[in-house]
Amino acid sequence: MLDSLEINITFHFKKLQISDAEAFKRIRDSNIEYLHNDTSFTLDETRAYLINGPVEYYGLFNSQHRLIGYVRFQHIDDTECQIGMDLDSRYQSQGLGYYIYETVLDVLFKMKYTSIYLLVLESNTRAFNLYTQLGFTVVDYTPEAVERVDGTRVGHYLMMLSR
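From a predicted model like this one, the values you see are computed outputs, not experimental measurements.

Student: I keep staring at the pattern of salt bridges and nothing clicks. Help me out?
Tutor: Once the charged atoms of two side chains with opposite charge are near each other, the side chains can pair. For the structure shown, the criterion picks out 10 salt bridges. Across the salt bridge formed by R72 and D86, the nearest N and O atoms sit 2.6 Å from each other. Residue R72 is found in strand β3 (residues 67-75), and its partner D86 is found in strand β4 (residues 80-87); the two are separated by 14 residues along the sequence. The exposure class of D86 is buried, given its relative accessible area of 5%. Residue D88 is joined to R90 by a salt bridge in which the shortest nitrogen-to-oxygen separation is 2.7 Å. Linked by salt bridges that have partners in common, R26, R66, D88 and R90 make up one network.

The following block contains the structure:
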């Protein structure tokens with residue numbers, strides 16, 4: 001765990017709307033090497049996914065109302081959910097991800113979720129280390145689980161945090 005954390009940013013969350021699609025796509029594409037689906041979708045495909053996809057997306061907006069990241073949320077059942085997050089590259093490696101995850105996890109546990117899951121590619125060591133710091137543990141590893149656009153395959157970890 002981090003001993004201290006100074007965050008010099010004010011932010012708020014709101015459910016992403018179709019009007020956020022362009023900024024969402026920009027952030028998603030900037031993180032594509034860490035995503036399970038590394039296809040860069042068109043703006044129209046992105047809009048359709050935000051509206052009809054199986055995952056809910058909540059935008060992280062700074063004090064200038066600019067989208068700087070988003071959290072993926074997927075309800076599994078009354079006590080379990082799966083989450084993930086992507087940040088604009090300009091806001092990475094500053095401790096913000098840790099702070100955001102702590103905030104989101106606190107809200108989810110208050111909502112009576114007792115087990116929170118996430119998936120992380122084996123090649124994403126920075127995220128894996130962050131999740132470990134937050135208390136997530138590996139519950140499964142699947143080698144070559146994900147096929148990349150270039151035809152290579154990479155494994156992923158299923159991690160869980162329970163309270």
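Student: Would you mind showing me how to read the environment of D78 here?
Tutor: Locating D78 in the fold gives a position in the loop between β3 and β4. Relative accessible area serves as the criterion here: at 66%, D78 is assigned to the exposed category. When the C-alpha atoms of D78 and S115 are compared, they prove to be 9.9 Å apart, with 37 residues separating the residues in sequence. In contact with D78, other than residues within four places in its own chain, are K112 and Y113.

Student: Hey, could you run me through the nonpolar core in this one?
Tutor: Across soluble globular proteins, you tend to see nonpolar side chains buried next to one another. Core analysis: the biggest nonpolar cluster contains 29 residues, and I100, Y131 and F136 have the highest contact counts within it. Breaking this core down by element, the ones donating at least two residues are β3, β4, α3 (96-110), β5 (115-121), α4 (125-133) and β7 (153-162). Take this core: its biggest share by element is 8 residues, from α3. In contact with Y131, other than residues within four places in its own chain, are Y101, L118, V120, F136 and M159.

Student: Teacher, can you tell me more about the sheet that holds strand β2 (residues 56-62) here?
Tutor: Within a beta sheet, neighbouring strands are joined by backbone hydrogen bonds and run either parallel or antiparallel to one another. Strand order in the open sheet made by the 7 strands is β1-β2-β3-β4-β5-β7-β6, with mixed pairing throughout. Whereas interior strands pair on both sides, the edge strands pair on one side only; in this sheet they are β1 (11-15) and β6 (137-147). Pairs of neighbouring strands in the sheet enclose a mean axial angle of 25 degrees, with direction left out of account. Here β3 pairs with β4 via 7 bridges, running antiparallel. When the sheet's bridge partners are listed, Y70 is paired in β4 with D86. Against the sheet, helix α1 (residues 21-30) engages β2, β3 and β4, with an angle of about 85 degrees to β3. Packing against the sheet, α3 makes contact with β1, β2, β3, β4, β5 and β7, and its axis sits at approximately 155 degrees to β4.

Student: How should I be thinking about the side chain of Q92 in this particular structure?
Tutor: Counting through the fold element by element, Q92 comes out in the loop between β4 and α3. Judged by relative accessible area, which is 16%, Q92 ranks as buried. Dropping the residues within four chain positions of it, Q92 is found in contact with N31, L87 and R126.

Student: Help me understand unusual backbone geometry in this model?
Tutor: Peptide bonds are mostly trans, and most non-glycine residues show a negative phi. Here K112, not a glycine, exhibits a phi torsion of approximately 80 degrees, which is positive. Mapped onto the elements, K112 comes out in the loop between α3 and β5. With a phi angle near 50 degrees, E144 is a residue other than glycine that sits in the positive phi range.

Student: What's the story with the packing of aromatic side chains in this structure? I'm lost.
Tutor: Two descriptors summarise a pair of aromatic rings, namely the distance from one centre to the other and the angle between the planes of the rings. Counted under the stated rule, the structure contains 9 aromatic pairs. Seen in terms of ring centroids, Y101 and Y131 are 5.4 Å apart; in terms of plane orientation they differ by 85 degrees. Their pairing is edge-to-face. Here Y131 lies in helix α4 and Y101 lies in helix α3, a separation of 30 residues in the sequence. Look at Y131 and F136: their rings are 6.0 Å apart centre to centre, the planes differ by 65 degrees, and that puts the pair in the edge-to-face class. The same class applies to Y131 and to F136, which are both buried.

Calculation criteria
- Residue numbers here run from 1 along each chain, matching the order of that chain's written sequence.
- The model is predicted, so local features are restricted to residues of pLDDT at least 70 and side-chain atom pairs to those at 80 or more, both for listing and for counting; the totals for chains, interfaces and linings are taken over all residues.
- Calculation of side-chain values draws on the structure's entire complement of heavy atoms; hydrogens and water are dropped beforehand.
- The salt bridge definition used is simple: a Lys or Arg side-chain nitrogen within 4 Å of an Asp or Glu carboxyl oxygen.
- Each helix is a run of H or I in the DSSP string that is no shorter than four residues. Each strand is a run of E no shorter than two, and both are numbered from the N terminus.
- We call a residue buried when its accessible area falls under 20% of the maximum for its residue type, exposed when it is over 50%, and partly exposed in between, using a 1.4 Å probe and counting protein chains only.
- Here a residue-residue contact requires only that any non-hydrogen atoms of the pair lie within 4.5 Å.
- Nonpolar cores are built from buried Ala, Val, Leu, Ile, Met, Phe, Trp, Tyr and Cys residues. Side-chain atoms within 4.5 Å join them into one set.
- One bridge is not enough; two strands pair if DSSP finds at least two bridges between them.
- In this analysis an axis means a line fitted to C-alpha atoms, helices contributing only their contacting stretch, and an angle means the value between N-to-C directions, from 0 to 180 degrees.
- Stacked, tilted and edge-to-face pairs are distinguished by plane angle, under 30 degrees for stacked and over 60 for edge-to-face with tilted covering the rest, among Phe, Tyr and Trp rings (Trp via its six-membered ring) whose centres lie within 6.5 Å.

These values are about where atoms sit, not about what they do.
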